[in-house]
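Chain by chain, the residues run as shown.
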Amino acid sequence: MGPHSYSPGALAFLNLKTRADLAGWLGLTDRKLCYLLYALDASKKYTSFQIAKKKGGVRTIDAPHPALKYIQRKLMHVLVELAPPTGIAKGYVAGVSTIDHAWLHRRQRHIILADLDSFFPSITFQRVRGALLAKPLSLTAKVATCIAQLCCKDGALPQGAPTSPVFSNLICRSLDHKLLALAKAHRCKVSRYADDICFSTDLKVIPTTIASWVGDRYLAGPSLISAVSSSGFSLNPSKFKVRSKESQQLVTGLVVNDGVSLPRHWRRQLRVILHLSSKRGLVRAKEITDGWARPAASRCEADSLEHFIRGKTYFAQYVDFRCRRKFSESIYRNYSGMRKLMPRPLSGASFRVMAEGKTDLLHLEVALKWFQSNGEFTDFRPRFVNFHGETGDVELMKTLERIAKSDIPELTIGIFDCDNSKFMLKNGLSPATHQSLGGKVYAMCLGAPLALTKSTFCIELLYPRSQLLTMTSGGRRIFLPDEFDLNSGLTPDGLYKNKFPKATAPIVSDHVERVVDGFSALLSKADFADMVHQAVHPFDAMDFSGFRATFDAVRRVVDEVYS
């Protein structure tokens, strides 16, 4: 990704030179930043509490003060943009989950599991500062020191800070490269989920450089130990395991012997809890489960058993959808009295989605597929359809009103851009809100992602700016109005010129030329939508998380109609 693809905030971040520059970038005065760094008592920066581990013991969580958390979130977003994780990193990566970590190792003869000891505590202030000084960030010493101070507690990364996962993946980049090289050299697969490393192979004999049999157990091989230690980490020998296909192979809590599925004991426990809750009620069921060693969550609060059931059943549906299983459907069918706590079956809610034009529907369709592949909105079964020849907000609203008068039984949702404030005001719409037009017809507006600060926006702006502005192999890309000087129409580097720099549309629609030869460098919105929909390079790995607020708004409409 070239510098021209970075957002203005990311480019400004790379150019920070002093503490005062950092304060300005964060939206603070230098005095307030100094107070936060040096004057505020450390005990007031974080709230510490403990949670029980699954296999005994406790884990300390340090939750930052809201003001510090806001700063860390801003740093988190820019660090992810400038230094994305490696391909083998599966933890703390948008759109990637434990299933992706497990899926890589399904149906393998051998599974080798390793655990990095004291993962977050071993990532010290010096290592964080060093990562900020090194490529690809290459920040100045003053700025790197200040950021490390903002993101560390007691000289190390705290568990609970938004920036800690990002820094862990950043610092593990060298380790990931070594692990990948080791795996390729021995015909193995490898992935890392936070501090959990998993190798797998179909070879009859496990490579001794990765794991070797010593006495009565397997121990980490010399090459694996060297790769980990040279990257500044150490292995936890008590958690080093090798599992063959004759035994149950668990990767991040999922069975990978034959595809990916939930463990039998996990499913059995959930069935028992659902049975107790449906026959004796949640209160009595909680009294019974309070005596269990697991689930620990059921012994925390009065309503935690209800939360436990919701969490377990939604996760079961997520696994079912990703791995083509039917456990969640069976418990929904067999425990009808508990359905209010469960997600709808994967058969889901059917409805029609209409938008202002074909390109909007393409974006919505591919974004929903992305979410559903990650186990979200799996009960949505929409039809994306528009009538021929009708585009624009006024035309769409007229169409929706006609459908409402026809009393068609199918739920119809019209989704509008947020780029026409007069239209939105007239129809009582705002971002992520909806209005009933009668019957089962609704009008709603796109939801704005958290990173978007503009009050007016169209669907293309739901993508990360760095991806939206990526150049195609043909030398064309999307351009935004804020890239051009309002008077000269030139970009800051003087490479491109917009003939109409004062146009107010959220996306530049025409007449962007390359200054040196007059080449038309503008990628049309239609071509962009087609390339994203068909996953054509460089739009073959898009981040659709910015569409979450929109689909959350669709969820509210669906719940209003079907509840």
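For the structure, see preceding data.
Reading guide: rules and limits
- Residues numbered from 1 in each chain as written.
- Predicted model: local features only at pLDDT ≥ 70, side-chain atom pairs only at ≥ 80, totals over all residues.
- Heavy atoms only, no water.
- Axes fitted to C-alpha atoms, helices over the stretch in contact; angles between N-to-C directions.
- Helix = DSSP H or I, 4+ residues; strand = E, 2+ residues; numbered from the N terminus.
- Parallel < 35°, antiparallel > 145°, perpendicular 65-115°, else oblique.
- Left-handed = near helix turned anticlockwise from the far one by under 90°.
- Contact = heavy atoms within 4.5 Å.
- Nonpolar A, V, L, I, M, F, W, Y, C, P; charged D, E, K, R; others polar.
- Buried < 20%, exposed > 50% of the residue type's maximum accessible area, 1.4 Å probe, protein only.
- Pairing = 2+ DSSP bridges.
- Salt bridge = Lys/Arg side-chain N within 4 Å of Asp/Glu carboxyl O.
- Core = buried A, V, L, I, M, F, W, Y, C linked by side-chain atoms within 4.5 Å.
- Phe/Tyr/Trp six-rings, centres within 6.5 Å; stacked < 30°, edge-to-face > 60°.
- Lys NZ or Arg CZ within 6 Å of the ring centre and 35° of its normal.
- Disulfide = S-S within 2.5 Å.

**Student:** With reference to specific residues and values, describe the packing of helix α10 (residues 173-185) against helix α11 (residues 222-229).
**Tutor:** Put simply, α10 and α11 touch, their axes get as near as 9 Å, and they point 165 degrees apart. In terms of their interaxial angle, α10 and α11 are classed as roughly antiparallel. Crossing of α10 over α11 shows right-handed handedness. Listed contacts from α11 to L175, K178, L179 and L182 of α10 are S223, L224, A227 and V228. Of the residues contributing to the contact of α10 with α11, the split by class is six nonpolar, one polar and one charged.

**Student:** Explain the pairing of strand β3 (residues 110-115) to me, using residue names and the numbers behind them.
**Tutor:** On any regular strand, side chains alternate: one points to one face of the sheet, the next to the other face. Counting buried positions over the six residues of β3 gives six, a clear majority of the element. Of the two faces of β3, both are covered, the one formed by H110, I112 and A114 as well as the one formed by I111, L113 and D115. One ladder, built from six bridges, connects β3 with strand β5 (residues 196-201); its direction is antiparallel. Paired with D115 across the strands is D196, a residue of β5.

**Student:** Help me get a handle on the pattern of salt bridges, residues and values and all.
**Tutor:** Under the defined criterion, the tally for this structure stands at 18 salt bridges. We note a salt bridge from K153 to D154, for which the minimum N-O separation is 3.0 Å. The exposure class of K153 is partly exposed, given its relative accessible area of 21%. For E410, the salt bridge identified is with R383, shortest N-O distance 2.9 Å. Pair noted here: E410 is in the loop between α16 (393-406) and β13 (412-416) and R383 is in strand β12 (residues 380-384), with a separation of 27 residues, a long-range link. Assessed through its relative accessible area of 23%, E410 is described here as partly exposed. On the accessibility criterion, R383 (41% relative accessible area) is partly exposed.

**Student:** Break down the nonpolar core for me, citing the residues and quoting the values.
**Tutor:** In this structure, I147, L150, F199 and L224 are the most contacted members of the largest nonpolar core, which totals 67 residues. A349, L400, I403 and F457 belong to the second-largest nonpolar core, a separate cluster that totals 59 residues.

**Student:** Tell me about the sheet that holds β13, and please be specific about residues and values.
**Tutor:** Strand order in the open sheet made by the five strands is β12-β11-β13-β15-β14, with mixed pairing throughout. Of all strands in the sheet, those bounded by a partner on one side alone are β12 and β14 (434-438). Within this sheet the neighbouring strands show an average axis-to-axis angle of 30 degrees, counted without direction. Across five bridges, β13 lies against strand β15 (residues 441-445) in parallel orientation. If you follow I415 over to β15, its bridge partner there is M444. Sheet contacts for helix α15 (residues 358-373): β11 (349-355), β12 and β13; angle to β12, the most-contacted strand, approximately 160 degrees.

**Student:** How would you summarise the packing of aromatic side chains if you had to cite specific residues and measurements?
**Tutor:** The description of two aromatic rings rests on the distance between their centres and on the angle between their planes. Taken as a whole, this structure holds 23 aromatic pairs when the rule is applied. Ring centres 5.6 Å apart and planes at 65 degrees place the aromatic pair Y463 and F544 in the edge-to-face group. Remark: F544 occurs in the loop between α19 (525-533) and α20 (548-562) and Y463 occurs in the loop between β15 and α18 (465-468); sequence separation between them is 81 residues. Ring pairing ties together the aromatic residues F351, W370, F371, F377, F380, Y463, F528, F539, F544, F547 and F551, which thus form one cluster. Positioned above the aromatic ring of F479 is the side chain of R477, whose terminal nitrogen or guanidinium carbon lies 4.0 Å from the ring centre. Taking the ring centre of Y496 as reference, the NZ or CZ of R477 above it sits at 6.0 Å.

**Student:** Give a description of the sheet that holds β5 that names residues and reports values.
**Tutor:** Overall, antiparallel pairing links the four strands, which are arranged β4-β5-β3-β8 in an open sheet. Looking at the sheet topology across the chains shown, the edges are occupied by β4 (189-193) and β8 (241-244). Each strand of the sheet is rotated relative to its neighbour by a mean of 15 degrees, with strand direction disregarded. Where α10 meets the sheet, its contacts fall on β4 and β5, and the angle it forms with β4 comes to roughly 155 degrees.

**Student:** So, the environment of R324: which residues are in play, and what are the values?
**Tutor:** Structurally, R324 can be placed in the loop between α13 (304-323) and α14 (327-334). What makes R324 exposed here is its relative accessible area of 79%. When the C-alpha positions of R324 and G259 are compared, they lie 9.3 Å apart, and in sequence the two are 65 residues distant.

**Student:** So what's going on with the pairing of β13? Residues and values would help.
**Tutor:** With five of five residues buried, β13 lies mostly within the body of the structure. The alternating pattern of β13 places T412, G414 and F416 and I413 and I415 on opposite faces, both of which are buried. Where β11 meets β13, four bridges bridge the pair, whose relative direction is parallel. When the sheet's bridge partners are listed, R352 is paired in β13 with T412.

**Student:** Give me the lowdown on the state of the cysteines, citing residues and values where you can.
**Tutor:** Following the criterion strictly, the structure yields zero disulfides and no others. C151 supplies the cysteine sulfur nearest to C152, a cysteine that is in no disulfide, at a spacing of 6.7 Å. Counting only cysteine sulfurs, C198 is the nearest neighbor of C188, a cysteine outside any disulfide, at a range of 10 Å.

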